[in-house]
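Observations on chain architecture
Each chain, letter by letter, is given below.
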Amino acid sequence: MILHGYFRSSAAWRTRIAFNLKGVTPQSVTHNLRDGAQNEPAYAAINPQKLIPSLELDDGTVLTQSLAIIGWLDREVPEPPLFPAANALRARVEAFALVIACETHPFQNPKIQKRLRAKSFSEADVQDWLAVAMNEGLSACEKLIQDQPGPFCFGGAPTLADICLVPQIGSARRYGIDLAPYPKLVAIDAHCATLPAFMAARPDQQSNAI
Ligand SMILES: N[C@@H](CCC(=O)N[C@@H](CS)C(=O)NCC(=O)O)C(=O)O
């Protein structure tokens, strides 16, 4: 099984956390997004969206989209579960994850930033674009867990919500977003950092980090 990733890709980071939590270690192949390796024909043949990550299964099947890869992994290796058993709570976990994966992270993608710069956005405009997108997403996420006691987003065990949150907080820090308005999210991120599965998935822990 081959996980196509890149140390700084937050979507790949999600899958690394999930694999670590399940105790599964796929072979890792890196594609340098900065050099545009995701656009090479060989990778486009694997993932028609030219996005990281992709997972090549041993029978040659290719899975794309980090949430689909994590869902597949959770069904293949049920323990520990990455979703709560209670139906409504599971829907809340999925909604939280989708706020990040569908409504927040896509705005910061390298190809989107490139398009903005090509449309003559100044660096300040690009930074503002990133800050608006991240603050909208993080602000919703902080509210979505207001009733939750912690230490993870939804209860006492990590779920897909935490798997999506940690890389998004990592991106927010990288882009200099003020996290003071999000004390619950910051506390959960700090708690996740105490778990080896989360720690080992960090970009700076990857052998190909540059
Ligand atoms: N929704 C996708 C997002 C994948 C994605 O956007 N990956 C980024 C890196 S985090 C990427 O490959 N970007 C390439 C580019 O922007 O050219 C997923 O969750 O897998």
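Structure: see above.
First, a word on what this report is: a plain description of the structure on this page. (Residues numbered from 1 in each chain as written. Predicted model: local features only at pLDDT ≥ 70, side-chain atom pairs only at ≥ 80, totals over all residues.)

**A few points about the sheet that holds strand S4 (residues 62–64)**
On the basis of which strands lie adjacent, the open sheet formed by 4 strands has the order S2-S1-S3-S4 and mixed pairing. Of all the strands in the sheet, the pair left with one neighbour each is strand S2 (27–30) and S4. If you compare each strand with its neighbour and ignore which way they point, the axes differ by 20° on average. Relative to S4, strand S3 (residues 54–56) runs antiparallel, the two being bridged by 3 bridges. Paired with Ser54 across the bridge in S4 is Thr64. (Pairing = 2+ DSSP bridges. Helix = DSSP H or I, 4+ residues; strand = E, 2+ residues; numbered from the N terminus. Axes fitted to C-alpha atoms, helices over the stretch in contact; angles between N-to-C directions.)

**Considerations on the site of the ligand**
The full set close to the ligand counts 15 residues, and Ser9, Ile52, Ser66, Pro110 and Lys111 are the nearest of them. Only helix H1 (10–22), helix H3 (66–76) and helix H5 (110–118) provide two or more residues apiece to the shell around the ligand. Its residues assigned to classes, the shell around the ligand comprises 8 nonpolar, 6 polar and 1 charged. Counting only domains with at least three residues in the shell around the ligand, you end up with domain 1 (2–80) and domain 2 (87–197). (Near = placed C-beta within 6 Å. Nonpolar A, V, L, I, M, F, W, Y, C, P; charged D, E, K, R; others polar. Domains from an automatic or database assignment.)

**A short note on the packing of helix H4 (residues 87–103) against helix H7 (residues 160–174)**
At their nearest, the axes of H4 and H7 sit 8 Å apart, and the two run at 25° to each other. Judged by the angle between their axes, H4 and H7 are roughly parallel. Here H4 runs over H7; the crossing is left-handed. Side by side, H4 and H7 meet where Val93, Glu94, Phe96, Ala97, Ile100 and Ala101 of the first sit next to Leu160, Ala161, Cys164, Leu165 and Gln168 of the second. The residue inventory of the contact of H4 with H7, partitioned by class, reads 9 nonpolar, 1 polar and 1 charged. (Parallel < 35°, antiparallel > 145°, perpendicular 65-115°, else oblique. Left-handed = near helix turned anticlockwise from the far one by under 90°. Contact = placed C-beta atoms within 7 Å.)

**Focus: H4**
The end-to-end C-alpha distance of H4, which contains 17 residues, comes to 23 Å, matching closely the 24 Å that a straight helix rising 1.5 Å per residue would cover. Ala97 marks the point of greatest bend in H4, at about 25°. Packed against the buried residues of H4 are H3, helix H6 (123–144) and H7. (Expected span 1.5 Å × (residues − 1). Bend = angle between axes of the 7 residues up to and from the residue.)

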